[in-house]
2 protein chains.
Amino acid sequence: MSKLTLNAQHRCFGGSVSYYQHSSSACNAPMRFSVFLPPQANISPVPVLYFLSGLTCSEDNFTVKSGVQREAAELGIAIIAPDTSPRQTGIPEEDTDYDLGSGAGFYVDATQSPWQAHYQMYSYVVEELPQLIETEFPVIAGRRGIFGHSMGGHGALICALRNPHHYLSVSAFAPIAALKQCVWGRKALGHYLGSDQTLWNAYDATELVKQKTWLDKPILIDQGTEDQFLRQQQLLPDRFAEACETVGQSLTLRYQDGYDHSYFFVASFIRDHLQHHAQFLQ
Amino acid sequence: MSKLTLNAQHRCFGGSVSYYQHSSSACNAPMRFSVFLPPQANISPVPVLYFLSGLTCSEDNFTVKSGVQREAAELGIAIIAPDTSPRQTGIPEEDTDYDLGSGAGFYVDATQSPWQAHYQMYSYVVEELPQLIETEFPVIAGRRGIFGHSMGGHGALICALRNPHHYLSVSAFAPIAALKQCVWGRKALGHYLGSDQTLWNAYDATELVKQKTWLDKPILIDQGTEDQFLRQQQLLPDRFAEACETVGQSLTLRYQDGYDHSYFFVASFIRDHLQHHAQFLQ
């Protein structure tokens, strides 16, 4: 484990939650992530499920608030939760806005100055992090699923849709489902990728699903009906559902009555998502 | 609900988590607490389980980190988590130490200046809060259990042992089990109650259990073996177990291998504690 610095470790549901830091080559900066290893990993390698978090979150929010470890321990699945961006990179405007820079990597590879030197979260999540995890932890190489919440739900969808042979399963909680059509996305994509909007399609779940890359497997999305960001048209799950319908993509989009955008919503349905992934990972 | 100010509300596991503030007469100050109402409370009143938190915690830590709502929703039990002290009372040294004043009420009724004007957490937890809860929420009057973590485990034990007809069940995670024998306790009791140590016995679980008030019902305690505060002799569950043994009090004290003092430990065994209480509450 020479590449990794262990910052904290806690026994949890017969397995362990650990917080690591390492030097990321993709981001040219330190990156942090948490790992839950279920008790089964003491006996033989286990599948891995990656969770991508939302705006302003670190690797900690999902790890402490979702209750994911209970179900993951029962099913024998490792959970990896990376931070949502590099931090303290020295980019002056990095901490100016909550929805750009620190905590707001949007899982894209930036091409524009000053971001492109460090904000390479797409490559980090899809390539560097799984390579590291599969080298350093008792997990089954290639047995990967991905899910996430809000900005991280967007991240999970685009990572899976662009890499259907790399991920066996995908789901999302209240994802930003049509990034280039919402205010958050237009701002982030403009800064990270520049003004040529044809380049934005590579990071827009609704555009990507039209390419029919994921057709043989279902997608699960839960969305609270009382989610303030649904009302503000930041999430747009209906646009994604329309695109799925058009191309024949199997989608289970569940509107959960009365739920908001918080981790109380995520925790309430985490079991269903783990069971969704387990069908494909086990 | 005129007495209560609702600060936040989230749908959760088919029920709801709500954060309230009210003017406490016991503490002569505003007090905050969280309430989880399970879905069953929409149909008929439910039993209530009070959770007391540890040093530095507010009503939020347990509510977001323990995963209690999943099991409470299945069993049909309401969960009340009060803050661990009044705050911003104007007492000058209130925020000086992490283990005295704000976040460190130790569930005692202070008799010493300057604390006695506001630090009346024992009366608040045992009398005022249940009266308020049973007036304002759909719960069954008198159908109460109590549990807690660390300082709050101490609180749960002393509240139950002193009021065996008031609580139907009690359990604790890593409790401070012999308050007057540990450094935390000697400091807090000295400041809140003064130097006459005979008065300290009323707030020491190991002393109280010798009075045989709880003999007809078992007590459940979980304690991690890698808990730093166990090593530092702040918790002393062995002293409590000895006293139980001496008087014939039924105690299940489980040393959980490798677990620390964190909420990852609490979350890992929350289901067992809910099931322990459900035997007596349902």
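As recorded in an unreviewed UniProt entry, chain A goes by the name S-formylglutathione hydrolase, listed as coming from Dactylococcopsis salina. Taken verbatim from the UniProt record of chain A, the Catalytic activity (unreviewed entry) comment is "S-formylglutathione + H2O = formate + glutathione + H(+)".

## Quick notes on unusual backbone geometry
Residue and element names in this part refer to chain A. For the bond running from S113 to P114, omega is 0 degrees, close enough to zero to count as cis. In this structure, P114 sits in the loop between β5 (78-82) and α3 (121-136). With a phi close to 50 degrees, Q88 is a non-glycine residue in the positive phi region. Following the sequence through the fold, Q88 ends up in the loop between β5 and α3.

## Section: the packing of aromatic side chains
Two numbers describe a pair of aromatic rings. These are the distance of the centres and the angle of the planes. Under the definition given, this model contains 32 aromatic pairs over all chains. Residues A:F51 and A:F147 carry aromatic rings whose centres are separated by 4.8 Å and whose planes lie at 90 degrees to one another, so their mutual orientation is edge-to-face. Of this pair, A:F51 sits in strand β4 (residues 46-52) while A:F147 is found in strand β6 (residues 139-149), placing the two residues 96 residues apart along the sequence. The two residues A:F51 and A:F147 agree in class, both being buried. A ring pair is formed by B:W184 and B:F229, whose centres lie 4.9 Å apart and whose planes are at 45 degrees; its orientation type is tilted. Residue B:W184 is found in helix α5 (residues 183-193), and its partner B:F229 is found in helix α7 (residues 228-231); the two are separated by 45 residues along the sequence. Residue B:W184 shares its accessibility class with B:F229, and that shared class is buried. Sitting over the face of the ring of A:Y122, A:R162 holds its NZ or CZ atom 4.1 Å from the ring centroid.

## Here we look at the sheet that holds strand β2 (residues 15-24) of chain B
With respect to topology, nine strands assemble into an open sheet ordered β1-β2-β3-β5-β4-β6-β7-β8-β9 (chain B), the strand pairing being mixed. Two strands close off the open sheet at either side, each with one partner strand: β1 (4-12) and β9 (251-256) of chain B. Direction aside, neighbouring strands of the sheet carry axes that sit 20 degrees apart on average. Looking at chain direction, β2(B) and strand β3 (residues 29-37) of chain B are connected through nine bridges and run antiparallel. Each bridged residue has a counterpart across the sheet, and for B:Y20 the counterpart in β3(B) is B:F33. Sheet strands touched by helix α9 (residues 263-281) of chain A: β1 and β2 of chain B. Its angle to β1(B), the strand with the most contacts, is close to 35 degrees. Packed onto the sheet, helix α2 (residues 68-75) of chain B meets β1, β2, β3 and β5 (78-82) of chain B and runs at close to 60 degrees relative to β3(B).

## Here we look at the UniProt feature "active site" (unreviewed entry) in chain A
All names here are of chain A. UniProt's entry tags S150, D227 and H261 with the feature "active site" (unreviewed entry), counted in the numbering of this structure. Spanning 112 residues, the named residues form one tight spatial group whose C-alpha atoms are at most 10.7 Å apart. Look at D227 and you get buried, because its relative accessible area is 0%. Filtering out sequence-adjacent residues up to four positions away, D227 remains in contact with A174, L235, Y259, D260 and H261.

## So, helix α2 (residues 68-75) of chain A
Residue and element names in this part refer to chain A. Burial runs high along α2: six of the eight residues are buried. For α2, every residue scored as buried is listed here: V68, Q69, R70, E71, A72 and A73. Count one or two residues on from α2 and you reach G76, which has phi positive near 75 degrees.

## Digging into the relation of the copies chain B and chain A
When chain B is fitted to chain A, the best match, at an RMSD of 0.0 Å, comes from turning it 180 degrees and sliding it 0.0 Å along the axis. What we have between these two chains is a two-fold relation. Comparing interface residues between copies, 100% of those in chain B also lie at the interface in chain A; the contact surface is shared.

## Considerations on the interface of chain B and chain A
Many descriptions give the size of an interface as the accessible area lost when the pieces come together. The interface is formed by 25 residues belonging to chain B together with 25 residues belonging to chain A. Taking both partners together, chain B and chain A bury about 2100 Å²; carbon and sulfur atoms supply 52% of that area. For the chain B face of the interface with chain A, the top three residues by lost area are B:R11, B:R70 and B:F264, together amounting to 37%. The interface formed by chain B and chain A holds four salt bridges in total. Of the charged contacts in the structure, one is a salt bridge between B:E71 and A:R70, with a shortest N-O distance of 3.2 Å. The interface formed by chain B and chain A contains 14 residue pairs in polar contact (both at pLDDT 80 or more). Those elements that provide at least two residues to the side of chain B that touches chain A are β1, β2, α1 (59-65), α2 and α9 (263-281) of chain B. Here the side of chain B that touches chain A gets five residues from one element, more than from any other, and that element is α9(B).

How each quantity is defined
Residues numbered from 1 in each chain as written. Chains lettered and ligands numbered in written order. Predicted model: local features only at pLDDT ≥ 70, side-chain atom pairs only at ≥ 80, totals over all residues. Heavy atoms only, no water. UniProt positions renumbered as here; feature names shortened; annotations may be inferred. Helix = DSSP H or I, 4+ residues; strand = E, 2+ residues; numbered from the N terminus. Phe/Tyr/Trp six-rings, centres within 6.5 Å; stacked < 30°, edge-to-face > 60°. Buried < 20%, exposed > 50% of the residue type's maximum accessible area, 1.4 Å probe, protein only. Lys NZ or Arg CZ within 6 Å of the ring centre and 35° of its normal. Pairing = 2+ DSSP bridges. Axes fitted to C-alpha atoms, helices over the stretch in contact; angles between N-to-C directions. Contact = heavy atoms within 4.5 Å. Least-squares fit on C-alpha atoms with pLDDT ≥ 70 in both. Buried area = accessible area lost by both parts, 1.4 Å probe. Salt bridge = Lys/Arg side-chain N within 4 Å of Asp/Glu carboxyl O. Polar contact = N/O pair within 3.5 Å; in protein donor to acceptor, adjacent residues only side chain to side chain.

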